[in-house]
Amino acid sequence: MASKMILWILLFLFSLIGYSQNETAKDSVSTQLNEVVISQNKKAFSYQNGNVKLDVANSIYNVIPNTLDVLSKMPSVQISADKESISIIGKGNPLIYIDNQKVGMNDLNALAVADIKTIEIIQNPSAKYEAEGRAVILITRKFSKKDGFQTSVSEVASFKKEYNNYLGFNSSFKKKKIEWKTNFNYNQLQPWEGHSINYEIVDAAIQSNYDVVANTKRTQFIFGGGMFYKMNDDDYVSFNVSGKLQNGPFDIITSTYNKKENVENYVLTFGDNTSKKNFVNSFLNYSKKIKAIDTQVFTGFQYSNFDQEEWSQMKNNFNNTQFELAQNRNQLFNVTVFSGRIDVKKKFKNEMKFEFGGLYSDANSKSDFDFFDFESSTNTANHYDFKEQNISGYSQFSGKIKKIDFSAGLRVENTHVNGKFSTDETPLIQKNYTNLFPKAQLSFAIDSSKNISFNYARSIARPNYSSLSQGSTYINPYFLYARNINLDPTITNEVSTAFQYHDKSIKVTYYTISNAVEGSFSYDSQQNSMTFKDVNYDKETGFNIEITAPFTYKIWTSTNSLIFVKNKIVDDAAVFRTVKPYLYLSSNQEFRLPKRYAFVLNFWGSTKQKEGVFERSAMFITDASVSKTFFKNWNCTLSYNDIFKNTIFKEQFTVNGVRSNSRYRVDSNEFSIAIKYSFGKVSSAEFKGKNIDENENRIR
């Protein structure tokens, strides 16, 4: 592992030599923060002021079957093993926007890659973006300005441990002032994952380990459709609906060794499970320009619903005897969110801009938990209701004075939370709090090729709604994974500065996090059972140095990012180990070959992480793909992902007297064949749809 990392760092340093061959335009406008693309070089990736943008539509990545896999190719972006969350190295979980509008993970799964024009990572979002997140992933879709239509059909055959298939259909149509878009995907998936933990509880004289394997057969229907009507050059109304319907059985097999004092047990656990997850999101928007005062007013309403049902029957075989029924578990979770907002933007003649607005959102979730224990012949049923209301307002003033770009804003949020079991007379959770979130940015243009910027931001990260439910997963007679209804939001303060020369940059960031969310163990001596769940840790602090060094030479485009990270997590209940900095490296090498061939080699990795409480292993992943365009309308791409089968997450820590060593394995070694056929013609679009729910990424 170490030799591979050294080799890749040497390749990264070698790529810096290519700086002298960089064909960057001599008069690049360095003060334009978010919208610069060096199109004359046809680069897949472009950089500006620490932000990175991927041109999906004109790259080899436009035939990847799903949006999450495209995002995984972005520098510093990490997709969780269960593909339920996204994080950015040094930034945590980002806000996600489609066409400048906030969305969540479910919308990414419902978004067709064929619809995407570009994906951009904004490292220092201004106050006009919600306070929920320290970075923004901005996805821009492509639509038509001229009358016409385009339809594409794609088929991806994916070979992992099991065969997976992705079939997609995408269509756009524009006639005069109205535009329609539809997409539909049918996926047959068979993911595999494995997890093992060795743990020890010295005070209880317990040594135990388990190895669990999950095999899933999953059917997905992903759909979306939208209408955009442009009344005139400035006013429009739009409506959009998207969704994902998913169901399928998954078997869980767990092999367990447990020793308590002198009593040893070997247990084989079989879980027969079925799961259903349905998500629907819709929004209606109206935008109006008041020309007399040169002011743009936006209003919108949004409705989202996530419905999950899971049934399980668990059996145990103790010491090679016979399987006996342990539990029947039936769990239901449903969350509905309605929101409405207004945004006002006033421009002044001297390049100044004033923005203000407000939002109201109302979330209601219901969590039903019903299980029967065969050993004690008892049935337990709980019903938990959770309600959250959020009222927020913001104002922001931005502009340019000579060579200085500035932006200053403040967001105010009031949140009211109520959580109650149906059998209780009084609420178990009752909170009412108000937070202020200031943000400020300054950017100085030294000359046409160099600038320096300074940023300060305060942000919040709230748990997703399912994490605040009473759901749990049975692993074996001694171990349970559970959610935590008592999780509190995380508050982050950070300052950063960046220097950019053409498209090369170096950025330094320092941050502090209160109530950081991490995993923790708790042992019940009466039940002889261990529970693992997320809790709020005391504090996290970090220091990052990020270097980006892209360049282009003839047919070769190299995109490179190296991040030096020193991160410390502390908690009174956890044993503090040591803190040592680690390196994260991301590199993308693209070769545009004759006869419309393209070859891409992509790799990323990190050295061993020692973050105070947690110690996590090094990991290095290599992907490769080759693409060929035939007859203008046909495209074929061959991909080989995780070539060296290194997607293994390892973690060690001690908390609440429990010393653990875990290993998580994901089936990401994949060979795939993708074929796409397109007909019709479209250009860049007028379509605008605005998601208005600031908490939608929490709907899961």
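Owing to the predicted nature of the structure, the values given are computational and were not obtained by experimental measurement.

Draft legend 1. Region of the structure containing the pattern of salt bridges. Scanning all chains against the criterion turns up 21 salt bridges. Note that D503 and K504 form a salt bridge whose closest N and O atoms lie 2.9 Å from each other. You can call D503 buried: its relative accessible area is 2%. Since its relative accessible area comes to 13%, K504 is described here as buried. A salt bridge links R616 to E611; its shortest N-O distance comes to 2.5 Å. Neither residue differs from the other here; R616 and E611 are each classed as buried.

Draft legend 2. Structural context of the nonpolar core. In terms of nonpolar packing, the biggest core is built from 32 residues, with L71, I86 and I119 touching the most fellow members. Listed in part, the 25 residues of the second largest apolar core include Y199, I475, F521 and F653.

Draft legend 3. A look at the environment of Q609. Along the polypeptide, Q609 turns up in strand β36 (residues 609–612). Remark: the alpha-carbon pair of Q609 and P581, spanning 28 residues in sequence, is separated by 7.1 Å.

Draft legend 4. A look at the packing of aromatic side chains. Evaluation of the coordinates by the stated rule reveals 31 aromatic pairs. Geometrically, the ring pair formed by W556 and F591 is stacked, given 6.1 Å between the ring centres and 10 degrees between the ring planes. With a gap of 35 residues between them, W556 in strand β32 (residues 556–570) and F591 in strand β34 (residues 582–593) connect regions that are remote in the sequence. It is R329 that lies over the ring of F371; its NZ or CZ is 5.7 Å from the centre.

Draft legend 5. Structural context of the sheet that holds strand β24 (residues 472–476). With mixed pairing, four strands are arranged side by side in an open sheet as β24-β25-β29-β28. Two strands in the sheet have a free side with no partner beyond their single neighbour: β24 and β28 (517–524). The average undirected angle you get between the axes of adjacent strands in this sheet is 25 degrees. Of the pairings in the sheet, the one linking β24 to strand β25 (residues 479–482) comprises four bridges and is antiparallel in character. What sits directly across from T473, in β25, is Y481.

Draft legend 6. Spatial organisation of the environment of N432. Examined against the element boundaries, N432 turns out to sit in strand β22 (residues 429–445). For N432, a relative accessible area of 54% puts it in the exposed group. Remark: the alpha-carbon pair of N432 and N418, spanning 14 residues in sequence, is separated by 8.9 Å. Those residues in contact with N432, other than ones at most four positions away along the chain, are N414, T415 and H416. A polar contact is formed between the side chain of N432 and the side chain of N414, at a distance of 3.2 Å.

Draft legend 7. A look at the layout of surface pockets. In this structure, the second largest pocket encloses a volume near 720 Å³. Broken down by secondary-structure element, the contributors of at least two residues to the lining of the second largest pocket are β17 (295–318), β18 (323–347), β19 (353–373), β24, β25, β28 and β29 (529–536). It is β18 that provides the largest number of residues to the lining of the second largest pocket, a total of five residues.

Draft legend 8. View of the pairing of strand β12 (residues 192–201). Most of β12 sits inside the fold, with seven of its ten residues counted as buried. The pairing of β12 with strand β13 (residues 206–216) spans ten bridges and is antiparallel. Across the sheet, E200 pairs through a bridge with Q207, a residue of β13. A loop of four residues connects β12 with β13, the two strands running antiparallel in sequence, and A205 in this loop sits at a positive phi of about 55 degrees. Inspection of the sheet shows β12 paired to strand β41 (residues 658–666) by nine bridges, in the antiparallel sense. Its bridge partner lying in β41, E193 is registered against V666.

Draft legend 9. Main features of the side chain of E310. Position of E310 among the secondary structure elements: in strand β17. Dropping the residues within four chain positions of it, E310 is found in contact with F250, T274, S275, R329, N330 and Q331.

Draft legend 10. How the structure looks around a nonpolar patch on the surface. A cluster of nonpolar residues, V153, L167, F169, F184, F221 and L245, forms a patch on the protein surface that exposes about 450 Å² of accessible area. Residue placement: L245 occurs in strand β15 (residues 236–260). On the basis of relative accessibility, which here comes to 32%, the residue L245 falls in the partly exposed class.

Conventions used here
Residues numbered from 1 in each chain as written. Predicted model: local features only at pLDDT ≥ 70, side-chain atom pairs only at ≥ 80, totals over all residues. Heavy atoms only, no water. Salt bridge = Lys/Arg side-chain N within 4 Å of Asp/Glu carboxyl O. Buried < 20%, exposed > 50% of the residue type's maximum accessible area, 1.4 Å probe, protein only. Core = buried A, V, L, I, M, F, W, Y, C linked by side-chain atoms within 4.5 Å. Helix = DSSP H or I, 4+ residues; strand = E, 2+ residues; numbered from the N terminus. Phe/Tyr/Trp six-rings, centres within 6.5 Å; stacked < 30°, edge-to-face > 60°. Lys NZ or Arg CZ within 6 Å of the ring centre and 35° of its normal. Pairing = 2+ DSSP bridges. Axes fitted to C-alpha atoms, helices over the stretch in contact; angles between N-to-C directions. Contact = heavy atoms within 4.5 Å. Polar contact = N/O pair within 3.5 Å; in protein donor to acceptor, adjacent residues only side chain to side chain. 1 Å grid on protein atoms, 1.4 Å probe; cavity = no way out; pocket = protein on both sides within 12 Å on 5 of 7 lines; lining within 4 Å. Points joined across faces, edges and corners; volume = space filled by probe spheres on them. Patch = residues over 30% accessible without salt bridge, like charges linked within 9 Å, V, L, I, M, F, W, Y side chains within 5 Å. Areas by Shrake-Rupley, 256 points an atom, 1.4 Å probe, with all protein chains shown as cover.

On their own, these measurements won't tell you what the molecule is for.
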